[in-house]
Amino acid sequence: MILLADSGSTKTNWRLTGKSNVMKEIKGPGLNPNYQSAEQIHSELRKLKSQLGDVAIDTIYFYGTGCGNEKNRGIVQNQLNQLFPGIEIRVSHDLLAAARALFHQESGIACILGTGSNCGYYDGSTITHNIPSLGYLLGDEGSGMKLGSALLRAYFRKTLPLELNLKFEEQHPISMPDVLNAIHSKQFPNRYIAAFAHFIKKNIDHEFLQHLVFYEFDELVKRCLLKCLTDQARVGFVGSIAYNFSDILTKVCDAHNIDTYKIVTDPIDSLVDYHLGHL
C-alpha cells in the first residue's frame with residue numbers, strides 16, 4: 001500500500017493506493033515548513049493518520065512546497081517518521097510531483113502556478129535545473145499571490161476601473177488597514193492575498209483584468225521560464241491559476257514561441273498513475 005501526498009501552500013491532496021487502484025482520497029490543509037513549525041505539521045499529520053484508520057502502509061511519498069532544501073525536507077520527514085514508524089518515507093519538492101505528473105519518465109519543463117509558482121527542467125527522473133521561486137516577497141511570478149497583489153494595488157491606488165471598483169467594494173468590504181494587518185499578522189499571508197484571484201476569475205471578461213493577468217504571466221515567462229527553456233523542451237503547467245486562466249497563459253506562451261504541452265489543475269491523479277506504473 002502506498003500513501004501519496006501533493007502539498008501546496010493552500011491544500012494537500014492525499015491518495016492511499018493499492019497495486020492497481022486508489023483506496024482512499026483525503027484533502028487537508030497545505031503543509032509548508034517555511035511557514036509552519038514542526039509541532040504544527042505534526043498536529044496536521046496526526047489528524048491525517050486518524051482519517052486513514054488502521055491500514056498497512058508500505059511506503060509514503062510526500063511532495064511538498066517548501067521542501068526544496070534538505071533542512072525543510074528533514075522537518076517533514078521527522079514528523080512522518082514519528083507518526084508512521086518503520087515505514088519507508090520519501091520527501092521531495094512539489095515541483096518534482098508536477099514534473100512526474102506531466103511527463104512521467106520523459107523530459108520537459110514543469111511549471112507550478114497556484115498560490116505560489118515554480119518551474120524547472122525535468123530529465124525524466126529528477127529536476128536538473130530549477131529557477132528558484134524566491135517565495136512570495138521576492139518572486140512567485142504569475143502566481144495567485146501575484147495576481148491578488150496586483151488587484152489590491154490597483155484598488156487601493158485608484159487605478160481599478162469604476163465598474164470593477166464597485167463590484168470589488170460590494171464583494172470585499174475591506175479597508176487598507178484590514179489588508180495590511182492580515183498581511184503582517186496571518187500565518188499564511190500568501191494564501192490570504194491569493195484568494196483575491198477568485199475576483200479576477202469571476203470578472204475576467206473585463207479588458208483591464210485580462211491585461212493584468214497577461215502582464216503577470218509575461219513576467220513569469222521572461223524571469224523564469226525562458227531561463228530553463230531549451231529548443232526541444234516541452235512545457236507543462238499544473239495548478240489552479242494555470243488552469244483557470246489557461247487561455248491567457250497560452251497566449252503569453254504563444255507570444256514567446258513556447259508550445260504549451262499540457263495544462264492540468266491538479267497533478268495528484270497523474271502522479272498516482274506514475275507511481276502505480278513503477279510497482
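Above this text you will find the structure in question.
Note that the coordinates shown come from a computational prediction; the quantities given were computed from them, not determined experimentally. (Residues numbered from 1 in each chain as written. Predicted model: local features only at pLDDT ≥ 70, side-chain atom pairs only at ≥ 80, totals over all residues. Heavy atoms only, no water.)

Novice: Honestly, helix 12 (residues 246–255) in this entry has me stumped. Any pointers?
Specialist: Counting along an α-helix, one turn takes 3.6 residues, and residues three or four places apart therefore face a common direction. Inspection of helix 12 places Ile248, Leu249, Val252 and Cys253 among the buried residues, and these make up the whole buried set. Buried residues in helix 12, looked at end-on, bunch into an arc of 140 degrees, giving them a common side. Within helix 12, the exposed residues directed more than 90 degrees away from the buried face are Asp247, Lys251 and Ala255. Two residues or fewer past helix 12, Asn257 is found with a positive phi of approximately 60 degrees. (Buried < 20%, exposed > 50% of the residue type's maximum accessible area, 1.4 Å probe, protein only. Helix = DSSP H or I, 4+ residues; strand = E, 2+ residues; numbered from the N terminus. Arc of directions from axis to C-beta.)

Novice: In this structure, what is going on with the packing of aromatic side chains? I would like to understand it.
Specialist: What describes a pair of aromatic rings is the distance from one ring centre to the other and the angle between the planes of the rings. One pass over the full model with this rule turns up 8 aromatic pairs. Aromatic pair Phe103 and Tyr261: ring centres 5.5 Å apart, planes at 20 degrees, arrangement stacked. In this pair, Phe103 sits in helix 3 (residues 94–103) while Tyr261 sits in strand 10 (residues 260–264), placing the two residues 158 residues apart along the sequence. Plain terms: the ring middles of Tyr155 and Phe168 are 4.6 Å apart, the flat faces sit at 45 degrees to each other, and that makes the pair tilted. With Tyr155 in helix 5 (residues 144–156) and Phe168 in helix 6 (residues 162–171), this pair connects stretches of sequence that are 13 residues apart. (Phe/Tyr/Trp six-rings, centres within 6.5 Å; stacked < 30°, edge-to-face > 60°.)

Novice: Just to check I follow, could you spell out a nonpolar patch on the surface for this structure?
Specialist: Together, Leu134, Leu137 and Leu138 give the surface a local cluster of nonpolar side chains, amounting to about 380 Å² of exposed area. By secondary structure assignment, the location of Leu138 is in helix 4 (residues 135–138). Residue classification places Leu138 among the exposed residues on the basis of a relative accessible area of 66%. (Patch = residues over 30% accessible without salt bridge, like charges linked within 9 Å, V, L, I, M, F, W, Y side chains within 5 Å. Areas by Shrake-Rupley, 256 points an atom, 1.4 Å probe, with all protein chains shown as cover. Salt bridge = Lys/Arg side-chain N within 4 Å of Asp/Glu carboxyl O.)

Novice: Please clarify how the side chain of Asn13 should be interpreted in this entry.
Specialist: Counting through the fold element by element, Asn13 comes out in strand 2 (residues 11–17). For Asn13, the side chain forms a polar contact with the side chain of Asp266, separated by 2.5 Å. Residue contacts for Asn13: discarding those within four places in its chain leaves Leu4, Ala5, Asp6, Ile26, Lys27, Asp266 and Ile268. (Polar contact = N/O pair within 3.5 Å; in protein donor to acceptor, adjacent residues only side chain to side chain. Contact = heavy atoms within 4.5 Å.)

Novice: Sorry, what's going on with the pairing of strand 6 (residues 108–113) here?
Specialist: Side-chain direction in a regular strand flips from residue to residue, so the side chains alternate between the two faces of the sheet. The element strand 6 is largely enclosed, with a buried count of 6 among its 6 residues. Of the two faces of strand 6, both are covered, the one formed by Gly108, Ala110 and Ile112 as well as the one formed by Ile109, Cys111 and Leu113. Looking at chain direction, strand 6 and strand 7 (residues 117–122) are connected through 6 bridges and run antiparallel. Residue pairing across strands places Ile109 opposite Tyr121, the latter belonging to strand 7. The turn linking strand 6 back onto strand 7 is made up of 3 residues. (Pairing = 2+ DSSP bridges.)

Novice: Looking at this structure, how should I read the sheet that holds strand 3 (residues 22–29)?
Specialist: The strands that make up a sheet pair up through hydrogen bonds in the backbone, lying either parallel or antiparallel. Read across the open sheet, the 5 strands follow the order 3-2-1-4-5; overall the sheet is mixed. The strands lining the two open edges of the sheet, one partner per strand, are strand 3 and strand 5 (88–93). Mean inter-strand twist for the sheet, computed between neighbouring axes without regard to direction, equals 15 degrees. One ladder, built from 6 bridges, connects strand 1 (residues 2–7) with strand 4 (residues 59–64); its direction is parallel. Bridging from a neighbouring strand, Leu3 pairs with Ile60 of strand 4. Seen against the sheet, helix 2 (residues 70–83) touches strand 4 and strand 5 and runs at an angle of roughly 155 degrees to strand 5. Lying on the sheet, helix 13 (residues 268–276) is in contact with strand 1, strand 2, strand 3 and strand 4; it crosses strand 2 at an angle near 35 degrees. (Axes fitted to C-alpha atoms, helices over the stretch in contact; angles between N-to-C directions.)

Novice: Would you take a moment to explain the pattern of salt bridges for this structure?
Specialist: Note that side chains of opposite charge can pair when their charged atoms are close. Taken as a whole and assessed by the stated rule, the structure comprises 8 salt bridges. Of the charged contacts in the structure, one is a salt bridge between Glu88 and Arg90, with a shortest N-O distance of 2.6 Å. The exposure class assigned to Glu88 is partly exposed, which follows from its relative accessible area of 37%. The partly exposed category is assigned to Arg90, whose relative accessible area is 42%. Linked through salt bridges whose partners overlap, the residues forming this network are Asp218, Glu219, Lys222 and Arg223.

Novice: Explanation requested: the packing of helix 5 against helix 10 (residues 207–223) in the structure shown.
Specialist: Helices that pack against each other are described as a pair by the angle of their axes relative to one another and the distance between those axes. Contact geometry for helix 5 and helix 10: axes closest at 10 Å, N-to-C directions at 135 degrees. Classified by the interaxial angle, the pair formed by helix 5 and helix 10 is oblique. As for the relative orientation of helix 5 and helix 10, their crossing is right-handed in sense. Note on element contacts: helix 10 touches helix 5 through Phe208, Leu209, Leu212, Val213 and Glu216, opposite Lys146, Leu147, Ala150, Leu151, Arg153 and Ala154. When the residues that make up the contact of helix 5 with helix 10 are grouped by side-chain class, the tally is 8 nonpolar, no polar and 3 charged. (Parallel < 35°, antiparallel > 145°, perpendicular 65-115°, else oblique. Left-handed = near helix turned anticlockwise from the far one by under 90°. Nonpolar A, V, L, I, M, F, W, Y, C, P; charged D, E, K, R; others polar.)

Any functional reading would require information beyond the geometric quantities listed.
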